[in-house]
Amino acid sequence: MHKPYNLPAEAATTLAKICCFNNSLPQGAPTSPIISNMICAQMDSQLQDLAWKHRCFYTRYADDITFSTTLHKFPAEIANVNSVLSVELGQELTNIIQQNGFEINCDKIRAFAYFQRQEVTGLTVNRFPNVRRKYVMQIRSMLHAWDKKGLQAAETQHYDLYDNKHRNPKSAHPSYKKVVKGRIDFLGQVRGRNNSKYLEFKREYLRLSRRDRNVPFRNISAKTEGKIVIYTEGPTDPLILKIAWKKLYEDDVSFIIAPVEIKPGIATGAKALADELNTHRKQHGIVIGIFDRDTEGIAAYKSLHSEFEEKDGYRISIDRNSAAVMLPIPVGKEKLAQLEKLWIENYFSETAQNVKTIDGKGLIFEYKPVVVTKRIENKIFEETKTVERTLETAVIRDGKRVFAEQIVPTLPVDEFKCFELVFEKINAIAELLQELDQNPLS
């Protein structure tokens, strides 16, 4: 597709908006970009050749055709330009358009010199692609209304007072959130993804979107969030946590979640995680470790350096900018915690853990038998019995990766409610570290 903002910044004269339509198309025929590009393919090629032949640049967006050049006089074969409104199309250009079955809308032919505001399909293209100042102010106003009035009230006000587009009265209005996001994305597309105004609006949109969905980190600045790394004991835990966030908050995780690196000489992920936290340096950002509530995880959590202070269900080292949290105990999982068998997979129901893929793969459990001792008269006899197959008696032996990659994404949202406790703890730690960073002497 030829986009209007590809025009050269040095263009001295621009001929814009030669609007046309195909005579062979029935009224009401679909005019999507794909269809229009197919219909105009031959004409685009011919007009591109015409432009290069006469040292011009050609672009098209839907039915808006634009020629631009750095020549002091516009090529007569394309157009004779006398003034902004006095433009006579050249014979070569006219022939190509008409031979391809299009008609020229003479009311929309315009010419602009380099010292005038050159606007093509809503974009100013004099020195570089840009949007009107009014467009930026509209985005700011829409975000402000959303913040002060709430999403529903802002949407009602927008469509009642400010939206003057002709729509099918039977069709529902586009989502206000999507309209705002679309405008912000377009601003970034035109000005660039590093533009300060685009980044400002993007951060505000993210904050309001999180606030309305009660998403954690809504009070965390982008600067702080960019420093956060969450480490887990095992390689599949990050996969599950990312999916849980997506399921609960309908958004991708914007901080880093990764398995801790197990260094030579360290036997388990729990010990490696404790070592990572104990040796972390403040200048390397914020590190938060999540420990399983099992025998190894509990021991590693307790082995953290004495500088890690106990807070509300987690341990934190201000000097190292790091913290540790054990998996919180959800309602109904108390017995698992008591038995030191609460790991991330056990946050799911027994039904979910027993789900298999089409080819029968999934978590593989081992159920340890219980030895029951009986005394008959003066003799002691041992009798081995197998306990019930429950989460309390199960140990996962294999299938964690299949479960995390293929089964967890298919589970319903209700299966992820327990993970809210994990993200709330991480959020509390991040807020505390952010506050201390902003007020180091307090």
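Scroll up to find the structure.
Keep in mind it's a predicted model, so treat the numbers as computed, not measured. (Residues numbered from 1 in each chain as written. Predicted model: local features only at pLDDT ≥ 70, side-chain atom pairs only at ≥ 80, totals over all residues. Heavy atoms only, no water.)

(A) Helix 14 (residues 400-407), seen in detail. Listed in full, the buried residues belonging to helix 14 are V402, F403, A404 and I407. The secondary structure elements touched by the buried residues of helix 14 are helix 9 (237-249) and helix 13 (350-353). (Buried < 20%, exposed > 50% of the residue type's maximum accessible area, 1.4 Å probe, protein only. Helix = DSSP H or I, 4+ residues; strand = E, 2+ residues; numbered from the N terminus. Contact = heavy atoms within 4.5 Å.)

(B) Region of the structure containing the layout of surface pockets. Here the second largest pocket is characterised by a volume of approximately 450 Å³. Lining the second largest pocket are 19 residues, with E233, D292, D294, E296 and K400 sitting closest to its centre. Breaking the lining of the second largest pocket down by element, the ones donating at least two residues are helix 10 (269-279), helix 11 (295-302) and strand 23 (394-398). Counted by class, the lining of the second largest pocket contains six nonpolar, four polar and nine charged residues. (1 Å grid on protein atoms, 1.4 Å probe; cavity = no way out; pocket = protein on both sides within 12 Å on 5 of 7 lines; lining within 4 Å. Points joined across faces, edges and corners; volume = space filled by probe spheres on them. Nonpolar A, V, L, I, M, F, W, Y, C, P; charged D, E, K, R; others polar.)

(C) Representation of the nonpolar core in the model. F348, F416, F419 and F423 are the most contacted members of the largest nonpolar core, which totals 51 residues. When near neighbours in sequence (up to four residues on either side) are disregarded, F419 contacts I240, L241, A244, L248, I344, Y347 and F348. Counting 20 residues, the second-largest nonpolar core is a separate cluster that includes M43, A79, L89 and I109. (Core = buried A, V, L, I, M, F, W, Y, C linked by side-chain atoms within 4.5 Å.)

(D) Broad picture of the environment of V325. Tracing the chain through its elements places V325 in strand 18 (residues 322-326). For V325, a relative accessible area of 1% translates into the label buried. Once the C-alpha coordinates of V325 and F291 are considered, the two residues, 34 residues apart in sequence, prove to be 6.2 Å apart. V325 has contacts with I288, G289, I290, F291, Y301, G313, Y314, K425 and I429, leaving out every residue within four places of it along the chain.

(E) View of helix 10. Listed in full, the buried residues belonging to helix 10 are G269, A270, A272, L273, A274, E276 and L277. On its buried face, helix 10 is in contact with strand 12 (228-232), strand 14 (286-291), helix 11 and strand 18.

(F) Quick peek at the pairing of strand 12. The buried fraction of strand 12 amounts to five of the five residues, a majority that puts the element mostly inside the structure. Both faces of strand 12 are covered, namely the face carrying I228, I230 and T232 and the face carrying V229 and Y231. Judged from the five bridges that link them, strand 12 and strand 14 form a sheet pairing that is parallel. Along strand 14, the bridge assignment pairs V229 with V287. At this point the chain moves from strand 12, through helix 9, to the parallel strand 13 (residues 256-259), and the crossover so formed is right-handed. (Pairing = 2+ DSSP bridges. Right-handed = clockwise from strand over helix to strand, strands pointing away.)

(G) Spatial organisation of the packing of aromatic side chains. Taken as a whole, this structure holds 17 aromatic pairs when the rule is applied. Ring geometry for F291 and Y301: centres 5.9 Å apart, planes at 75°, overall edge-to-face. A residue pair is termed long-range when its members are at least 10 positions apart, and F291 in strand 14 and Y301 in helix 11 qualify at ten residues. Under the relative-accessibility criterion, Y301 is labelled buried at 8%. Between F365 and Y367, the aromatic rings sit 6.2 Å apart at their centres with planes inclined by 40°, giving tilted as the arrangement. Members of the aromatic cluster, each reached through a chain of ring pairs, are F217, W245, Y249, F255 and F423. Directly above the ring of Y301 sits R315, whose terminal nitrogen or CZ lies 5.9 Å from the centroid. (Phe/Tyr/Trp six-rings, centres within 6.5 Å; stacked < 30°, edge-to-face > 60°. Lys NZ or Arg CZ within 6 Å of the ring centre and 35° of its normal.)

(H) Spatial organisation of the sheet that holds strand 14. An order of 13-12-14-18-17-16 is seen for the six strands of this open sheet, with the pairing classed as mixed. Edge positions in the sheet fall to strand 13 and strand 16 (309-310), since each has one partner strand and no second. Bridging between strand 17 (residues 315-317) and strand 18 involves three bridges; their strand directions are antiparallel. If you follow R315 over to strand 18, its bridge partner there is A324. Taken strand by strand, helix 10 contacts strand 12, strand 14 and strand 18, and its axis lies near 155° from that of strand 14. The sheet contacts of helix 11 involve strand 14, strand 16, strand 17 and strand 18, and relative to strand 18 the element is tilted by about 145°. (Axes fitted to C-alpha atoms, helices over the stretch in contact; angles between N-to-C directions.)

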